[in-house]
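Topology and contacts: notes
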Amino acid sequence: MDEVPLMSPASAGNGDCEGFEVEDADVLLPRQWGHEATTSDKLHYYLCTFWANIFCRCCDWISRSCRRNKEYRSRMLHIGEAPSGKFPSNVIRNQKYNILTFIPLVLFEQFKFFLNLYFLIVAISQFIPDVRIGYLYTYWGPLGFVLAVTMIREALDDFRRYRRDKEANSQLYSKLTHAGIQRVPSSAIRVGDLVFVEKNQRVPADLVLLRTTERSGSCFVRTDQLDGETDWKLRIAVSCTQLLGGDADLFNMNASVYAEKPQKDIHSFIGTVRRTDDEGLGCEAPLNIENAVWASTVVASGTALGMVVYTGSETRSVMNTSQPRSKVGQLDLEINTLTKVLFVSVIIVSLFMISIKGFTGPWYRYLARFILLFSYIIPLSLRVNLDMGKATYSWMIQRDKELPGAVVRSTTIPEELGRIVYLLSDKTGTLTQNEMVFKRVHLGTVSFGADTMDEVLTHVRSVYMPAASGSSSSTPTRATVMAMPRVRRTVVTRVHEAVKAIALCHNVTPVFEADNVEHSDTEADQQIGATCTYQASSPDEVALVAWTESVGLALVKRDLTTMTLRTPMGTNLVYTILEIFPFTSESKRMGIILKEHGTGEITFYLKGADVVMATIVQYNDWLDEECGNMAREGLRTLVVAKKVLTEDQYEDFAARYHHAKVSVVNRAGHVQAVLEGLERDMELLCVTGVEDKLQTDVRPTLELLRNAGIKVWMLTGDKMETATCIAKSSRLVSRSQTVHTLAPVATRTDAHLQLNTFRRRSDSALVITGESLEVCLKYYEHEFMELVCQCPAVVCCRCSPTQKADIVRLLKTHTGKRTCAIGDGGNDVSMIQAAHAGIGIVGKEGKQASLAADFSIIQFSHIAKLLLVHGRNSYKRSASLSQFVMHRGLIISAMQVIFCSVFYFVSIQMFPSFLMVGFSTLYTMFPVFSLVLDSDVSSEVALTYPELYKELTKGRSLSFKTFFIWVLISIYQGGIIMYGAFLLFDAEFIHVVAITFTALILTELLMVALTIRRWHWTMAVGELLSLAIYLLSLVILNDYFDASFISTWDFIWKVTSITLVSCLPLYILKYLRKRFSPPSYQKLT
């Protein structure tokens, strides 16, 4: 018990602080004035601190007043009448700026970074004549260019948002009024309006569905833009309004709709409709999610007429729209740190220069001029080059033919893909295909698998065989079946009951692709000539219904009130749907009450997860064992049960259930209490097993990632057995690794014991449930995270979306390593947005994860090239590019320091301003930026040897060590160029500008060539183009260069000698390192 240290709350707060002293500077709260306070202290407080506090409090009050939280309220709306309250307008606005805020907000976003703020201060200082160095355009030109590019980009993006908003707000809809139908734009729709929505038309606001063109009052909607699910959802019109003779009759009825206050939850809605006229006096009906159609969804069938209940900012879609946090890559943070180091260096060098010069006269003016002279040590072009490089990397990812469908939605963090240590993956739809195949059904005494499904078909046929011999009953064997004692029921009977239950207990609707096929009484006959597909919110249900069709019982028709099955003999079984209880993540089950037309028998069918069904069904000794066996095979299990109800039992239940549904307060609790009274002592029929196929190339991809040093964690909401099986079959857990399953824990003592047991097996893969994880984190967060981070793989099952995001945040906090999350469903969005890099897969659950992610791919196997090739290249290229751009500023600053020192510490500029601007743009821009095309190994080698990726996680490509190496190189080359000019051009030192600048340009071009690891033709073009531009400048710019002087052979060979001395030693060192201590990538090539 002592292996894991326990923290006692008492010891943390007992005030035992011996050995610790508190300094005055460490006190966070201001002390009260004591006798030791002097008069000057008090005066300083009242003149500075006091008024500063008053100003901050005033700003705080103004900010709180402007951002006062809006209070939402419920509403009572009368159909056909304008509401009395004030509600937000139905205007869509996704713009970030307006005319007044555009410039201030863009400038704020730019100057909150240290680099840009520093150059702004430097540029402003040039308006002071005493510290001005050169021309204003040399400072304001580059800064203005950066700001102009940013503003143009932001303006174009915002203009595109404006056009999209205007298009959406201008879309015309038909509005039903007392004067007839009027066409109004979406922005003119108000709460209480009656609005028509045509097929394939976007829903403009949140509506309560009153009427549809279907006789039953049903319609389908597509919600993929709201919740990411691609399956159609069934919506039902209010019964009392659907039964009216026409749309105009809505104005003649006296009815009101109560709607709850606006909520974020898109899966629930509480309301009531009450009719108080003569025809429906006192009639009150509940409204739920099936009667509501949210904004941003699309009507998929027919025409719907709805009453607007929420508009604008109160709609579900807008309330669930949040600006994702802006992600900043670790490389940007490291560069920002190096920038601060360079700034401190400028201050130190300037103070050193002024201390030697002497603090006499206006020394502070000289100090300011020195700081401005050496400001080139922090290059403004660094940010421009990096941003352009990120855009290039993103373009390369999207153009990669081996990554079809890849989309980069966040162009600011491609380098993060090159430093991932933890990959957190969803299971269903990510590692698996989310393509369900029915594999097994177990009836307690007999089990049928893929190779024995023909026996099931034979059994089902034998049940309905008498129906083909002329009997009028649809189920002629029912009397025999019911008369048979339950304990002696035959296998045929068990199979028939199980198949029928699976064919009836679902929310699947058959949809016919032929346009001329409609849902009518002859639809079952029309199916023969039309292609039928199934629509459902879960692929599991589609797989189950498709299986029942293959064994003889086919679903051929379904509407709001009836369901029709076709038997193997071609006859139809018609059932009346009395009640439906949809599946929810809380209940983990769905049920349906049906009444058969032929016999009038009322049956309650229920299916759900084994953990909840085990307490609902009658006692048995095989359910837990068989569910575990199927789960170990990697199958998703469902337990199916039934209960036969009498007329009196159903009438009593229906009355209590209706009363619970119309309650406004705690409706869910009342409904659940009524259902629990029905879900008792149910007959267990069968357990089904459905397989979710693995994605293509999942096993080799996970093997590559593991060899690359990336630890993969699987976070899933599925049961422990299934998750463990998928982890083994996908090779997430290799064959040589052992698996440690953490036993369920509920108390602190349990967690302590389990962690001590796990500590001795920390080299095993860990499997843990969400509940146990929560308990361990509650009491032993640090100890637990320390242990699990040592595991080669972790499987967290029964995880909620919130827990997935919390795990990502814990990894980020406790390890400081780069994390990547990948998923395909709406429940993975929070995890994806919490990770340093989020990857979404376009899957069968929709595009919600893809749209919310930083990167989007179409299958899991593509992540290997995304990380090991593009991520690796992006990081190494940006590291080289940033260090070379800093070297470009360091070398010219080193030359400026030497120049000032030689000329008695005079604070004048060495090169003219025009040449300073040209040095970082025309003369060196092309070859330096061509480094974004550099690579050390080919993509084939990077995928063949994933171990190369491990080196990047240590951050050695850009570190203080590499930074100071480049500092020493810059000082060496700057010194060689300056002192070489003094030595070789002693008599012609008046041409020092031409001498040193030419040597500087040649040195930079040679250094780019030295840095390149694999040449690309554009790199050679960039080098030659820059050299040609500079040579042309020597001829044209007569004000800066003396053509007669630079054309002499003496000038040429001496400049060449200086350049060779500055670069040749570095080439020799590179050769020696490659020969005796080559990097790992060179060993492979």
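Residues numbered from 1 in each chain as written. Predicted model: local features only at pLDDT ≥ 70, side-chain atom pairs only at ≥ 80, totals over all residues. Heavy atoms only, no water.

With that settled, the discussion passes to the overall build of the chain. From N to C terminus, the chain includes 37 helices and 33 strands. Each of the 1085 residues in the chain was classed as buried or not, and the buried ones make up 51%. Across the chain, every contact between residues at least 6 apart in sequence was considered, and the portion connecting residues at least 24 apart equals 73%. (Helix = DSSP H or I, 4+ residues; strand = E, 2+ residues; numbered from the N terminus. Buried < 20%, exposed > 50% of the residue type's maximum accessible area, 1.4 Å probe, protein only. Contact = heavy atoms within 4.5 Å.)

Here we take up the sheet that holds strand 23 (residues 589–596). Read across the sheet, nine strands follow the order 17-16-26-25-24-23-22-21-20 without closing on themselves; strand pairing throughout is antiparallel. Each having just a single partner strand, strand 17 (447–448) and strand 20 (554–558) make up the two edges of the open sheet. Of the pairings in the sheet, the one linking strand 20 to strand 21 (residues 562–566) comprises four bridges and is antiparallel in character. Residue pairing in the sheet places Ala-554 in a bridge with Arg-566 of strand 21. Each of strand 22 (572–581), strand 23, strand 24 (602–608) and strand 25 (635–645) touches helix 19 (residues 647–661); the most contacted strand, strand 22, lies at about 40 degrees to it. (Pairing = 2+ DSSP bridges. Axes fitted to C-alpha atoms, helices over the stretch in contact; angles between N-to-C directions.)

Averaged over all residues, the pLDDT of the chain is 82; the fraction at 70 or higher stands at 86%. Every residue in residues 1–52 is under pLDDT 50, and counting partners more than four places away or in other chains gives 28 contacts. Here residues 515–526 scores under 50 on pLDDT; set against residues more than four positions off or in separate chains, the count is 18 contacts. (pLDDT = per-residue confidence, 0-100.)

Side-chain alternation along strand 18 (residues 509–512) places Thr-509 and Val-511 on one buried face and Pro-510 and Phe-512 on a second face that is also buried. Note: strand 18 against strand 19 (residues 532–535), four bridges, orientation antiparallel. From the neighbouring strand, Phe-512 faces strand 19, where its bridge partner is Cys-532.

Turning to the packing of helix 33 (residues 992–1011) against helix 36 (residues 1049–1076), a few remarks are in order. For the pair helix 33 and helix 36, interaxial distance at closest approach is 9 Å and the crossing angle is 30 degrees. Between helix 33 and helix 36, the interaxial angle falls into the category roughly parallel. In terms of crossing hand, the pair formed by helix 33 and helix 36 is right-handed. For the pair helix 33 and helix 36, contact is made by Ala-994, Ile-995, Thr-998, Ala-999, Leu-1002, Thr-1003, Leu-1006, Met-1007, Ala-1009 and Leu-1010 and by Phe-1051, Val-1055, Ile-1058, Thr-1059, Ser-1062, Cys-1063, Leu-1066, Tyr-1067 and Lys-1070, respectively. Considering only residue class, the contact of helix 33 with helix 36 consists of 14 nonpolar, four polar and one charged. (Parallel < 35°, antiparallel > 145°, perpendicular 65-115°, else oblique. Left-handed = near helix turned anticlockwise from the far one by under 90°. Nonpolar A, V, L, I, M, F, W, Y, C, P; charged D, E, K, R; others polar.)

Considering the arrangement of structural elements, one finds Glu-260 in the loop between strand 8 (255–259) and strand 9 (271–275). Once residues lying within four places of it in the same chain are set aside, the contact partners of Glu-260 are Ser-74, Ser-268, Phe-269, Ile-270, Tyr-310 and Arg-316.

Moving on, we come to the sheet that holds strand 6 (residues 218–222). Taken together, the three strands give an open sheet; going across it, the order is 7-6-12, and neighbouring strands pair in antiparallel fashion. The open sheet has two edge strands, strand 7 (232–236) and strand 12 (298–299), and neither has a second partner. Pairing between strand 6 and strand 7: five bridges, direction antiparallel. Paired with Arg-222 across the two strands is Trp-232, which belongs to strand 7.

The next thing to look at is a nonpolar patch on the surface. Taken together, the side chains of Leu-1006, Leu-1060, Leu-1064, Tyr-1067, Ile-1068, Leu-1069, Tyr-1071, Leu-1072 and Phe-1076 present a nonpolar region at the surface, about 900 Å² in accessible area. Sort the elements by how many residues they give to the nonpolar patch and helix 36 lands first, with eight residues. (Patch = residues over 30% accessible without salt bridge, like charges linked within 9 Å, V, L, I, M, F, W, Y side chains within 5 Å. Areas by Shrake-Rupley, 256 points an atom, 1.4 Å probe, with all protein chains shown as cover. Salt bridge = Lys/Arg side-chain N within 4 Å of Asp/Glu carboxyl O.)

Per the stated rule, a full pass over the model turns up 28 salt bridges. Residue Lys-439 is joined to Glu-691 by a salt bridge in which the shortest nitrogen-to-oxygen separation is 3.6 Å. One end of the pair, Lys-439, is in strand 16 (residues 432–442); the other, Glu-691, is in strand 26 (residues 683–694), and 252 residues separate them in sequence. Ionic pairing is found between Glu-541 and Lys-607, a salt bridge with its closest N-O pair at 3.2 Å. Of this pair, Glu-541 sits in helix 16 (residues 539–550) while Lys-607 sits in strand 24, and the two are 66 residues apart along the sequence. By relative accessible area, which is 6% here, Lys-607 ends up buried. Overlapping salt bridges bring together Asp-332, Arg-383, Asp-387, Lys-390 and Glu-415 as one network.

Let us look at the nonpolar core. Ranked by internal contacts, the top residues of the largest apolar core, which has 133 residues, are Phe-860 and Phe-997. Sort the elements by how many residues they give to this core and helix 28 (residues 863–902) lands first, with 17 residues. When near neighbours in sequence (up to four residues on either side) are disregarded, Phe-860 contacts Leu-423, Ser-425, Thr-430, Leu-431, Val-698, Thr-701, Leu-702, Leu-705, Ile-822 and Ile-841. Grouped together as the second largest cluster of nonpolar side chains are 42 residues, Leu-443, Met-453, Ala-543 and Leu-594 included. (Core = buried A, V, L, I, M, F, W, Y, C linked by side-chain atoms within 4.5 Å.)

Within the span of helix 21 (residues 698–707), buried status applies to Val-698, Thr-701, Leu-702 and Leu-705. Buried residues in helix 21, looked at end-on, bunch into an arc of 95 degrees, giving them a common side. Summarising the contacts, the buried residues of helix 21 are in contact with strand 15 (420–425), strand 27 (711–715) and helix 28. Remark: Gly-709 follows helix 21 within two positions and exhibits a positive phi of approximately 85 degrees. (Arc of directions from axis to C-beta.)

Relative to the helices and strands, Thr-430 is located in the loop between strand 15 and strand 16. Setting aside residues no more than four positions away along its own chain, Thr-430 makes contact with Ser-425, Gln-695, Ile-822, Gly-823, Asp-824, Ile-841 and Phe-860.

With four of five residues buried, strand 6 lies mostly within the body of the structure. Bridging between strand 6 and strand 12 involves two bridges; their strand directions are antiparallel. Considered in strand 12, the bridge of Val-221 is made with Val-299.

Located in the positive-phi region is Asp-681, a residue other than glycine, with phi close to 50 degrees. Here Asp-681 shows up in the loop between helix 20 (667–678) and strand 26. Not every positive phi belongs to a glycine, and Arg-731 is a case in point at roughly 70 degrees. Along the chain, the position of Arg-731 falls in the loop between helix 22 (720–729) and strand 28 (739–741).

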